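Understanding the architecture of this molecule
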Amino acid sequence: MRRRFFLLVAIFAFASPAAAAPFVRGIDVSRWKGSIVWARVAHGGYRFAFAEATNGFAVDPSFARNHSGAKTAGLAFGAFHFARPAGSTARAVIANATSQADLFVSVAQPQTAELAPVLDLERTGGLGAASLRAWTTAWLNEVQLQVGIRPTIYASPTFWRKAVGDASVFASSGSSLWVAHWHVAAPRVPAANWGASGWSFWQWTNCSHVPGIRGCVDGDRYRGSRMASALMAPRPAAIDIPTVGGVPQTGQLLSASTGTWQADPAPTLAYQWQRCTDTTAETCLAIPKAVTSAYTVSAADVGSTLRVVVTATSRARSGWSASTAVPVNA
């Protein structure tokens, strides 16, 4: 009899892993949810909230109210941007993404002790997979340059596979995943289980009934037992920006310095070389695999501006980027 009891417990543990996981409950909202009584949301056991700040080039009129209400009620708070990708040329795609990113940062103004900013990807804007990846990279890079942390990506497994080509590059470049997969015991995670790191947030339903909110609201879970581990820590301070040494001509080796950083504990550093289509280094695209302090100038770089971005990370999910750029001659 004792043997059967232990066997039954073992079967239950393997059959219901989601039930035993240490999830923290949260929600995500936009202007469509109307006025929210945030104190009731907190009393209902919800511990975090994401709110839409911008939608394409439109500002969500409820954002300031939701931001203030959620934080006053003691919820961990994060802002997201609903992406509206566009662009008929490679340059226009990057410019569109950068402009949307700039608007988002100006409205959301992400701060230390908030959740990392989020890019909500649900529309392609008619872009193919390669162009959409370029758009996404440009948006993430621009926000990271301004905020100092790699943004989280929100997407469904189906959208990621069909629209983005199941790309894993965003997982390897440091973006966490907020996966949208409803009415399942456990979410399907794209991009080879997001580079083997899995999901960080899971939108598990589009119809939670939450105190303080009328009707259905998106329900989310954080994969952890404490929200503190998801919050943006104080970022390293750039005392001196990186510099680039060498001759910016085809075949020549360029070398980037680390810059000088103030952080505790001492930061780890990551490099990314970018090719920019303008002399002001405003419209740039990451060069694949150019992620060390050294870079050999190629023929494809002639007539462009090369920029190296050095990102310092002193604590989990907290970093700051500084960059410098040089024009390339023949």
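Keep in mind that this is a model prediction, so the values were computed, not measured. (Residues numbered from 1 in each chain as written. Predicted model: local features only at pLDDT ≥ 70, side-chain atom pairs only at ≥ 80, totals over all residues. Heavy atoms only, no water.)

Now for the overall build of the protein. For the protein, the count of helices and strands is 9 helices and 18 strands. The C-alpha radius of gyration computed for the protein amounts to 22 Å, which stays within 12% of the reference 20 Å derived for 330 residues, consistent with globular compactness. When its C-alpha atoms are laid out on the principal axes, the protein stretches across 75 × 55 × 40 Å. The buried share of the protein, taken over its 330 residues, is 47%. When contacts within the protein are restricted to residue pairs at least 6 apart in sequence, long-range pairs at least 24 apart make up 65% of them. By element, 56% of the accessible surface of the protein is carried by carbon and sulfur atoms, the whole surface being about 15500 Å². Charge separation in the protein, taken as the distance between the mean sites of 28 positive and 16 negative side-chain charges, equals 13 Å. (Helix = DSSP H or I, 4+ residues; strand = E, 2+ residues; numbered from the N terminus. Rg over C-alpha atoms; globule rule 2.2 N^0.38 Å. Buried < 20%, exposed > 50% of the residue type's maximum accessible area, 1.4 Å probe, protein only. Contact = heavy atoms within 4.5 Å. Areas by Shrake-Rupley, 256 points an atom, 1.4 Å probe, with all protein chains shown as cover. Lys, Arg positive; Asp, Glu negative; His and termini not counted. Charge placed at Lys NZ, Arg CZ, Asp CG, Glu CD.)

Let's shift gears to the nonpolar core. Grouped together as the largest cluster of nonpolar side chains are 56 residues, with contacts concentrated most on Ile 27, Trp 38, Val 41, Trp 139, Trp 160 and Trp 194. Looking at which element gives the most residues to this core, the answer is helix H6 (residues 129-147), with 8 residues. Leave out the neighbours within four places in its chain, and Trp 38 touches Ile 27, Val 29, Ala 49, Arg 65, Asn 66, Gly 69, Ala 70, Ala 73 and Leu 75. (Core = buried A, V, L, I, M, F, W, Y, C linked by side-chain atoms within 4.5 Å.)

The next subject is the environment of Ala 325. Residue position: Ala 325 is located in strand E18 (residues 318-327). A sequence separation of 83 residues divides Ala 325 from Pro 242, and the C-alpha atoms of the two residues are 9.5 Å apart. Not counting the four nearest positions on each side in its chain, Ala 325 is found in contact with Ala 281, Thr 305, Leu 306 and Arg 307.

Scanning all chains against the criterion turns up 15 aromatic pairs. Seen from their ring centres, Phe 50 and Trp 178 are 4.4 Å apart, and the 25° between their planes marks the pair as stacked. In this pair, Phe 50 sits in strand E2 (residues 48-55) while Trp 178 sits in strand E7 (residues 177-180), placing the two residues 128 residues apart along the sequence. Like Trp 178, Phe 50 is buried. When the ring centre of Trp 202 is taken as origin, the NZ or CZ atom of Arg 221, which lies over that ring, is 5.2 Å away. (Phe/Tyr/Trp six-rings, centres within 6.5 Å; stacked < 30°, edge-to-face > 60°. Lys NZ or Arg CZ within 6 Å of the ring centre and 35° of its normal.)

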